[in-house]
Amino acid sequence: MRLLSTKDFKVKEFFTDIPLYAILSHTWEQEEVTYQDIQNLDVAKSKAGFLKVLGACARAHHYHFDWIWIDSCCINKESSAELSEALNSMYQYYEDAAVCYVYLSDVSRDYHPRSNFKDSRWFRRGWTLQELLAPEFVVFLDRNWERIGTRWSLRDLVSVATGIPVDVLKGQIISKYSIAQRMSWAAFRETTRPEDQAYCLMGIFGVSMSPIYGEGGAKAFMRLQQEIIRISDDRSIFAWVAAPSMDLASSEEDKPRGLLARSPYEFRMSGNVRPSITEVMGNKSSYSFNNNGLHIHLPLNPTSSSSVHSGEDMFLAHLLCQSTRDGSYLTIYLRKTSGHQYVRCYADEILLTSSPPAMERVRELMVREHLVTGRRFRISNTSGATKYNIELLRSAWDFLYHSSQPDSCIVSCIDEHTVSVIRKMDWGVIQYKSQKTGDLFGIDLTFSKPALKMNGGTFIRDASVRRDTLQGKLNGGGYIFIASERTGDPQEKIEIGYLAKDDPEICLWTSPLRVPDLGIIVSSRLSTKIVDYHLKFEGVFPPDPFCRITQDMVYATAFRPHPDDLQESHHTFRVLTFRWDDWDGQWPTYIIHVAFGLQGSSVWTDVVVQNPSFHRETSERVWKSYLESGTRAQKRTKGMEVKSKVDSETLTAVIQKANNLQLGDYLLRMHIQ
């Protein structure tokens with residue numbers, strides 16, 4: 001691999017004995033510095049992207065790294081062979097790095113990360129998924145290269161932004177999660193080239209394949225799944241839901257499919273799918289491709305006459321997978337075409353059943369068609385450090401170094417906010433004191449990971465290798481934070497931050513985000529007697545950090561009230577706003593506000609339809625009208641079905657418990673009678 005010197009910006013190639021290096025994760029922008037550009041610094045400096053290279057090198061050099069890897073200028077993309085090697089090695093590059101700097105050019109530290117952090121473009125790009133998961137240590141930086149936090153300290157926010165479980169962000173090996181669940185992490189991500197939707201996932205599933213740009217996204221993704229099948233018998237790879245057709249007059253049920261998905265987006269509903277239990281299949285658990293399609297054994301049940309989709313040639317096939325939510329079993333519809341040949345139909349549905357598969361019904365069939373990455377355990381280069389560099393961040397400049405207990409450390413001042421500490425004995429505490437409040441706290445350097453010692457002698461520590469940030473409450477009501485920063489030498493860097501007791505961000509930092517109690521999908525289709533209309537989604541109020549928006553639906557959430565709630569973000573109801581434009585002129589334009597939420601343990605909904613030509617309330621005003629003192633407060637007891645007049649017709653909104661695989665537990669549909 002090639003590495004860039006943080007001192008003189010020269011690129012050097014390494015085959016063996018690769019030195020300790022930092023790595024950059026970013027989103028590409030205008031005038032990135034290429035491998036050809038970096039050969040001539042005058043040319044490189046003329047590019048707008050050189051400021052990014054300069055910032056990354058400065059950051060790495062400040063923390064004693066002599067080398068850094070930056071994809072834009074460390075890969076010669078003019079060589080197809082080198083590009084192929086780099087794409088297949090990318091996950092390894094990030095996994096082997098001592099630290100990964102995530103540069104968020106569209107995020108400012110002037111705003112609290114809970115406000116704008118998850119909206120960064122970085123969280124929507126395909127390649128950044130592996131750049132988030134592969135490294136051992138990840139630091140997020142804002143547009144000014146100021147530290148926002150680490151993957152560990154921001155794990156709840158990153159989980160909300162990505163749909164990745166918090167345990168993964170804390171270091172859980174990703175091979176413990178099903179193929180479908182890992183695919184779901186990429187479902188809402190985008191790539192510039194369609195083929196990269198497949199190529200960017202190679203490392204996450206531990207497979208290699210030659211990139212063929214021009215083959216198309218669907219074909220590349222099919223090849224990726226075939227490579228995964230070679231090394232894994234996890235049948236959750238078949239637990240996908242077909243993307244809806246953009247043609248409102250047609251449906252996926254009309255189009256027979258095989259068992260392979262066409263894009264990560266088709267796994268958007270699969271975030272709660274467990275790995276399949278293939279042991280029950282014995283020697284029939286394996287499956288493979290040949291020129292007739294996918295050869296596989298599946299428990300097969302005929303559909304009942306009362307089923308929505310029934311017929312002599314229609315069957316329900318069990319995937320031997322369960323939902324993590326309630327243990328339901330996943331089944332798909334297969335239609336028999338001849339002999340042992342089948343196709344998947346109604347591919348936009350995965351039926352959830354409470355009954356386990358009947359193993360005596362296992363059948364051999366052919367479905368016409370169309371991995372595991374373990375994190376290596378490494379010894380941290382800062383483990384057991386005896387030399388420390390402790391810096392007060394701007395928010396903590398009111399504190400001054402006070403003393404060390406006992407006389408076990410050699411402390412020297414680098415500047416008024418930074419001290420260098422050499423630990424002489426097996427233990428030692430460095431104390432700081434506030435000039436304004438008199439608050440005292442200490443940093444205990446006894447163990448491999450620093451601990452906080454608070455005023456009353458209480459120690460706050462965590463032996464977890466992954467934990468890099470600690471926080472403690474001071475007697476004056478404020479909070480002190482210490483964070484360990486990875487460096488390129490045996491010296492450990494500790495940074496100290498502070499939040500005053502009256503700072504409105506205190507509750508944001510000290511209260512973890514709760515998991516919603518209600519998740520609901522609202523379909524963007526409005527059905528009438530003649531035709532279906534597509535509704536344009538305009539927004540949700542209050543803003544929902546868990547909200548997901550696709551071409552055919554909106555997913556939103558709500559909470560039950562809790563006595564420990566300190567934040568106003570745990571709302572019991574929300575309002576989704578849609579615009580209904582009838583381009584045929586049969587109907588005028590309408591604004592449809594859909595309210596939903598929890599009243600005790602009951603789910604409720606209401607609909608407000610307005611003609612903006614005469615009257616329109618904002619989403620916020622509509623939401624406030626459902627508060628206890630609002631004019632629509634009584635509507636919160638109306639239940640899961642509501643009707644509203646639209647001229648001479650009636651619009652009906654119905655919430656139903658989901659019986660298919662989807663985000664959340666409920667589905668809301670609207671129709672006009």
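Residues numbered from 1 in each chain as written. Predicted model: local features only at pLDDT ≥ 70, side-chain atom pairs only at ≥ 80, totals over all residues. Heavy atoms only, no water.

Trainee: Quick rundown of the overall build of the chain? Include the residues and the values.
Mentor: Counting secondary structure elements, the chain contains 15 helices and 36 strands. Taking the principal axes of its C-alpha atoms as reference, the chain extends roughly 85 × 65 × 55 Å. Counting every position in the chain, which comprises 673 residues, the buried fraction comes to 56%. Carbon and sulfur atoms make up 49% of the accessible area of the chain, which totals about 29,700 Å². Each charge class in the chain can be summarised by its mean position, and for the 78 positive and 81 negative side chains these summaries are 3 Å apart. (Helix = DSSP H or I, 4+ residues; strand = E, 2+ residues; numbered from the N terminus. Buried < 20%, exposed > 50% of the residue type's maximum accessible area, 1.4 Å probe, protein only. Areas by Shrake-Rupley, 256 points an atom, 1.4 Å probe, with all protein chains shown as cover. Lys, Arg positive; Asp, Glu negative; His and termini not counted. Charge placed at Lys NZ, Arg CZ, Asp CG, Glu CD.)

Trainee: Tell me about the pattern of salt bridges, and please be specific about residues and values.
Mentor: For the structure on display, the rule yields 27 salt bridges. Its salt-bridge partner being Asp517, residue Arg514 comes within 3.1 Å of it at the nearest N-O pair. Each of Arg59, Arg147, Glu391, Glu485, Lys493 and Glu495 takes part in salt bridges that share partners, so that together they form one network. (Salt bridge = Lys/Arg side-chain N within 4 Å of Asp/Glu carboxyl O.)

Trainee: Give a detailed account of helix α3 (residues 50-62), specifying residues and quantitative values.
Mentor: For α3, spanning 13 residues, the distance from its first C-alpha to its last is 18 Å, which sits close to the expected 18 Å at 1.5 Å a residue. Phe50, Lys52, Val53, Gly55, Ala56, Cys57, Arg59 and Ala60 are the residues of α3 that are buried. (Expected span 1.5 Å × (residues − 1).)

Trainee: Describe the pairing of strand β31 (residues 573-580), with residues and values.
Mentor: The element β31 is largely enclosed, with a buried count of seven among its eight residues. Bridging between β31 and strand β32 (residues 590-599) involves eight bridges; their strand directions are antiparallel. By the bridge assignment for β32, Thr577 is matched with His593. (Pairing = 2+ DSSP bridges.)

Trainee: Could you give an account of the packing of aromatic side chains, with specific residues and numbers?
Mentor: Summed over all chains, the structure comprises 30 aromatic pairs. Where Phe117 meets Phe123, the ring centres are 5.2 Å apart and the plane angle is 75 degrees; that geometry is what we call edge-to-face. Each of the two residues, Phe117 as well as Phe123, counts as buried. Both rings, one in Phe315 and one in Tyr342, keep their centres 6.0 Å apart while their planes meet at 75 degrees; by these two values the pair is edge-to-face. (Phe/Tyr/Trp six-rings, centres within 6.5 Å; stacked < 30°, edge-to-face > 60°.)

Trainee: Quick rundown of the sheet that holds β32? Include the residues and the values.
Mentor: One open sheet holds the four strands; their spatial order is β28-β31-β32-β33, and the pairing between them is antiparallel. Each having just a single partner strand, β28 (536-541) and β33 (602-610) make up the two edges of the open sheet. The average undirected angle you get between the axes of adjacent strands in this sheet is 20 degrees. Pairing of β32 with β33, which is carried by nine bridges, proceeds in the antiparallel orientation. The residue bridging His593 from the neighbouring strand is Val608, located in β33. (Axes fitted to C-alpha atoms, helices over the stretch in contact; angles between N-to-C directions.)

Trainee: A description of the nonpolar core should follow, citing residues and the corresponding values.
Mentor: Core analysis: the largest hydrophobic core is formed by 122 residues, its most contacted members being Leu4, Trp69, Tyr101, Phe140, Leu201, Leu224 and Phe238. Ranked by residue count, the leading element in this core is helix α5 (residues 80-96), at seven residues. Those residues in contact with Leu201, other than ones at most four positions away along the chain, are Leu129, Met183, Ala186, Phe221, Leu224 and Pro264. Counting 32 residues, the second-largest nonpolar core is a separate cluster that includes Leu518, Leu526, Tyr590 and Val607. (Core = buried A, V, L, I, M, F, W, Y, C linked by side-chain atoms within 4.5 Å. Contact = heavy atoms within 4.5 Å.)

Trainee: Summarise the pairing of strand β30 (residues 553-558); cite the residues concerned and give the values.
Mentor: Buried residues dominate β30, accounting for six of its six residues. By the alternation rule, side chains of β30 split into Met553, Tyr555 and Thr557 and Val554, Ala556 and Ala558, which are all buried. Across six bridges, strand β26 (residues 518-527) lies against β30 in antiparallel orientation. Across the sheet, residue Leu518 finds its bridge partner in β30, namely Ala558. Here strand β29 (residues 548-549) folds back onto β30, and the loop between the two strands holds three residues.

Trainee: Describe the sheet that holds strand β4 (residues 67-69), naming the residues involved and giving the relevant values.
Mentor: Strand order in the open sheet formed by seven strands is β2-β1-β4-β3-β5-β6-β7, and the pairing between neighbours is mixed. For this open sheet the edge positions go to β2 (11-13) and β7 (147-150), each flanked by a neighbour on one side alone. Within this sheet the neighbouring strands show an average axis-to-axis angle of 30 degrees, counted without direction. Two elements, strand β3 (residues 22-25) and strand β5 (residues 99-103), share four bridges in a ladder whose sense is parallel. Of the residues in β5, the one forming a bridge with Ala22 is Val99.

Trainee: Can you explain the side chain of Gln130? Please cite residues and give values.
Mentor: Relative to the helices and strands, Gln130 is located in helix α7 (residues 128-133). Residue classification places Gln130 among the buried positions, given a relative accessible area of 2%. When residues no more than four places from it in sequence are discounted, the contact partners of Gln130 are Met90, Tyr91, Pro135, Cys200, Gly203 and Ile204.

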